[in-house]
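# Coordinate inspection notes
Residue strings, one per chain:
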Amino acid sequence: MQSLNLSFKNPGTVKTVAVEQGQEVKEGQLLMAQEDLEQLSQLASARASLRSARARLAELENGSLPEEIAQLKDYVSYCTSFGLSGSILVLMFN
C-alpha cells in the first residue's frame with residue numbers, strides 16, 4: 001500500500017471523498033471533489049458580463065461610431081477568450 005498527500009489547485013472545502021482508506025484506486029479515478037460554489041458564482045458573473053457586452057455591441061452596431069464598435073468587438077473577444085472560466089469582467093463605457 002502506498003500513501004500520498006493530495007492538494008487542490010484552489011483552496012476550498014472538500015464536498016466528496018470518493019474512496020476509503022486502504023481502498024485500491026486506478027489511475028484517473030476520482031478521489032475527492034471540492035465545493036465549487038465560488039467558481040459557479042464567478043462563472044455566472046462572467047456570463048452576465050458577456051451578455052451585457054453582446055447587448056452593448058448590438059446597440060453600437062445600430063448607429064455608433066466605428067471606433068466604439070471596434071472597442072466593443074475587442075471586449076467581446078476578450079471575454080470569449082477566457083471561455084467563461086470564472087473570470088469576472090466588467091464593461092464600462094462613458
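Here is a short report on the structure shown in this document.

### Examining the overall build of the protein chain
When helices and strands are counted, the protein chain shows 2 helices and 2 strands. Its helices and strands in sequence order give the protein chain the pattern β-β-α-α, from N to C terminus. Sequence-distant contacts, at least 24 apart, represent 36% of the contacts inside the protein chain between residues at least 6 apart. Accessible surface, the protein chain as shown: approximately 7,600 Å² in total, 51% of it carbon and sulfur.

### Section: helix H2 (residues 66-81)
Counted at 1.5 Å a residue, the expected span for H2 with its 16 residues is 22 Å, and the 22 Å between its end C-alpha atoms agrees. Along H2, the positions that sit buried rather than exposed are Ile69, Leu72, Tyr75, Val76 and Cys79. Down the axis, H2 shows its buried residues gathered within 125 degrees of arc, on one side only. Within H2, the exposed residues directed more than 90 degrees away from the buried face are Pro66, Glu67, Asp74 and Ser81. Buried residues along H2 sit in contact with helix H1 (37-61).

About the thresholds
- Residues numbered from 1 in each chain as written.
- Predicted model: local features only at pLDDT ≥ 70, side-chain atom pairs only at ≥ 80, totals over all residues.
- Heavy atoms only, no water.
- Helix = DSSP H or I, 4+ residues; strand = E, 2+ residues; numbered from the N terminus.
- Contact = heavy atoms within 4.5 Å.
- Areas by Shrake-Rupley, 256 points an atom, 1.4 Å probe, with all protein chains shown as cover.
- Expected span 1.5 Å × (residues − 1).
- Buried < 20%, exposed > 50% of the residue type's maximum accessible area, 1.4 Å probe, protein only.
- Arc of directions from axis to C-beta.

Purely spatial values, then, with no claim about function.
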